[in-house]
Amino acid sequence: GLRARIRLRSLAPGAYPVYVMGAGATDVSLLVAYLPASAAPANETCGTAAPIVPGVALQVGVIDAQEDLTSDCAAPLGELTYEVTLSEPKDVHVWATSTDGAGKPALSLWKPDCTDAKQELGCNVATAGHLFERGLAAGKYVVALSATAPTDIDLLVELHPPTAEPADETCASGAVLTANTSIDVPLTGHTDDVNSGCVAGAVDAAYTLNLGAPSDVLLVGRISDNDQGGVSLVQAACAAPSDLIACGVSTQTPVRARAHKVQPGSYRVVMETTNAAPTNLSAFTRPATPPILVPFADTCATAVKIPSAGAFFQGNTANANANYDGGCDLGSQGPGGAPEQMLKLELLTKKRVILDMKGSAYSTLLVVRRATGCPGPEVAKACAAGYFTDRSFLDLTLEAGSYWVQVDGYAGYFGQWFLDAFIVDP
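Residues numbered from 1 in each chain as written. Predicted model: local features only at pLDDT ≥ 70, side-chain atom pairs only at ≥ 80, totals over all residues. Heavy atoms only, no water.

## Focus: the packing of aromatic side chains
Working step 1: Tallied over the entire structure, the rule returns 3 aromatic pairs.
Working step 2: Summarising the aromatic geometry, the rings of Tyr387 and Phe388 are spaced 5.7 Å apart at their centres and angled 75 degrees between planes, so their arrangement reads as edge-to-face.
Working step 3: A residue is classified by how much of its surface remains accessible, and Phe388, at 25% relative accessible area, is partly exposed.
Working step 4: A centroid spacing of 5.0 Å and a plane angle of 40 degrees characterise the contact between Tyr387 and Tyr410, whose relative ring orientation is tilted. Of this pair, Tyr387 sits in the loop between strand S24 (378–386) and strand S25 (393–398) while Tyr410 sits in the loop between strand S26 (401–409) and strand S27 (416–424); the two residues are 23 residues apart in sequence, bridging distant segments of the chain.
Working step 5: In textbook terms, an aromatic cluster arises when at least three aromatic residues are bridged by ring pairs, as seen for Tyr387, Phe388 and Tyr410.
Working step 6: Across from the ring centre of Phe422, 4.1 Å away, lies the NZ or CZ of Arg286, which sits over that ring. (Phe/Tyr/Trp six-rings, centres within 6.5 Å; stacked < 30°, edge-to-face > 60°. Buried < 20%, exposed > 50% of the residue type's maximum accessible area, 1.4 Å probe, protein only. Helix = DSSP H or I, 4+ residues; strand = E, 2+ residues; numbered from the N terminus. Lys NZ or Arg CZ within 6 Å of the ring centre and 35° of its normal.)

## Quick word on the sheet that holds strand S17 (residues 279–287)
Working step 1: Reading across the sheet, the 4 strands line up as S10-S17-S12-S15 and stay open at both edges, with antiparallel pairing between neighbours. Single-partner strands in this sheet number two, and they are strand S10 (182–185) and strand S15 (255–262). Each strand axis lies, on average, 15 degrees off the axis of its neighbour in the sheet, ignoring direction.
Working step 2: The sheet contact formed by strand S12 (residues 215–222) and S17 spans 8 bridges and is antiparallel. (Pairing = 2+ DSSP bridges. Axes fitted to C-alpha atoms, helices over the stretch in contact; angles between N-to-C directions.)

## Points about the side chain of Lys358
Working step 1: Topologically, Lys358 is positioned in the loop between strand S22 (351–356) and strand S23 (364–370).
Working step 2: A polar contact is formed between the side chain of Lys358 and the side chain of Asp390, at a distance of 3.0 Å.
Working step 3: What Lys358 contacts, discounting residues up to four positions off in sequence, is Arg256, Arg258, Asp390, Arg391, Ser392 and Phe418. (Polar contact = N/O pair within 3.5 Å; in protein donor to acceptor, adjacent residues only side chain to side chain. Contact = heavy atoms within 4.5 Å.)

## Digging into the environment of Thr317
Working step 1: For Thr317, the location among the structural elements is in the loop between strand S20 (310–316) and strand S21 (341–347).
Working step 2: Linking Thr317 and Pro287, residues 30 residues apart in sequence, is a C-alpha distance of 27 Å.
Working step 3: Once residues within four sequence positions are removed from consideration, Thr317 is found in contact with Pro339, Glu340, Gln341, Tyr362, Val407, Phe414, Gly415 and Trp417.

## Some details on the pairing of S26
Working step 1: Counting buried residues along S26, 7 of its 9 residues qualify, which places the element largely inside the surrounding structure.
Working step 2: Bridge analysis of S21 against S26 gives 7 bridges, and the strand direction is antiparallel. Along S26, the bridge assignment pairs Met342 with Gln406.

## Here we look at the pattern of salt bridges
Working step 1: Under the definition given, this model contains 17 salt bridges.
Working step 2: Residues Asp100 and Arg5 are paired through a salt bridge, measuring 3.9 Å at the closest nitrogen-oxygen approach. Of this pair, Asp100 sits in the loop between strand S4 (90–98) and strand S5 (105–110) while Arg5 sits in the segment before strand S1 (50–51), and the two are 95 residues apart along the sequence.
Working step 3: Judged by relative accessible area, which is 34%, Asp100 ranks as partly exposed.
Working step 4: Judged by relative accessible area, Arg5 falls into the partly exposed class, the value being 25%.
Working step 5: The shortest N-O distance in the salt bridge between Arg256 and Asp356 comes to 2.8 Å. With Arg256 in strand S15 and Asp356 in strand S22, this pair connects stretches of sequence that are 100 residues apart. Take Arg256 and Asp356: they sit in the same class, and that class is buried.
Working step 6: Salt bridges sharing common partners tie together Asp216, Arg256, Arg258, Arg286, Asp356 and Asp420. (Salt bridge = Lys/Arg side-chain N within 4 Å of Asp/Glu carboxyl O.)

This is how it looks when you write it as structure tokens:
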């Protein structure tokens with residue numbers, strides 16, 4: 001990362017050269033500390049794990065450990081190991097926090113035989129690392145501690161009586177997510193027990209989504225600040241990465257994943273984050289329809305109509321003209337900003353309108369306007385700049401009426417674009 005750190009242990013008296021290198025020409029700060037002579041920690045493997053006392057915080061420097069374990073939560077440094085012994089079934093919480101903020105702790109919990117990757121029970125990489133396993137049987141376990149950069153860490157293990165799992169804990173728990181609705185998903189008290197292959201080391205909740213006809217599906221997960229989240233659509237078995245149908249991962253909210261032409265049946269929707277912070281989850285569906293190509297639509301007069309349930313559109317603004325500005329565009333753009341194409345939306349009643357440009361090939365700009373003229377006034381909070389990876393996204397509640405949907409470019413960009421529109425009851 002942005003910090004390099006080495007510890008040269010038990011050096012004999014003498015003069016030693018220290019070389020400072022970088023990827024470019026810049027100023028760096030160099031700190032040298034003279035510490036009492038020491039030996040490298042011996043708790044490098046599962047066989048040499050050091051005992052740790054539950055309830056007592058331990059200060060650990062992750063600097064020069066060797067990499068001995070293959071965790072699903074890979075970190076660039078090696079790991080140190082600690083042994084936890086349970087005399088009866090317990091909930092096990094492992095907490096880790098960097099005291100100098102130089103790197104994120106990486107935690108993993110193993111059965112005693114760490115030579116097999118299948119013995120890993122769980123892992124987590126987060127600023128405030130937390131690993132939770134519910135109702136572990138009596139026996140010995142190994143906590144492995146690493147980090148994303150050399151850092152000093154407070155490590156704490158806590159043991160509690162076994163707790164009951166939440167109603168949405170696993171794919172078999174029976175919790176149901178109704179299509180075209182949004183629910184809050186508090187992840188406190190959940191564990192990482194859905195191995196979908198979407199996000200490694202993330203606490204998850206699972207819901208059943210029932211589809212009665214071939215459908216297009218858009219999953220939207222809203223995550224808390226400073227978290228990384230994932231939403232995924234998974235086959236009902238929900239047992240292995242091969243069951244994964246669609247997955248979206250991001251540190252930006254909302255996190256989105258979509259799948260088109262999903263066949264009728266029962267599926268699982270999984271919401272997960274690395275920090276287990278509060279989230280919100282939606283699953284929007286519509287009857288499966290072929291993509292709609294937008295070939296011209298350069299002005300309001302040639303706008304392409306959006307069907308009443310929405311549709312999946314694709315177009316290219318490379319050959320379009322720059323006719324209309326956008327209120328959230330980068331400043332100092334020329335008249336009309338970037339080239340755009342226009343769609344028209346007619347609502348007979350009040351609706352919730354979801355517009356997602358994920359997958360577009362350039363920095364997008366998406367604007368919804370009232371069609372009282374051309375281009376008409378922008379709807380409040382209906383301009384979305386998509387200069388980040390997931391591109392523009394809008395979730396609006398609109399009154400009955402006519403609207404323009406302006407597919408534009410941020411800061412002058414243009415190119416191939418995709419737009420998924422879902423129109424549901426508010």
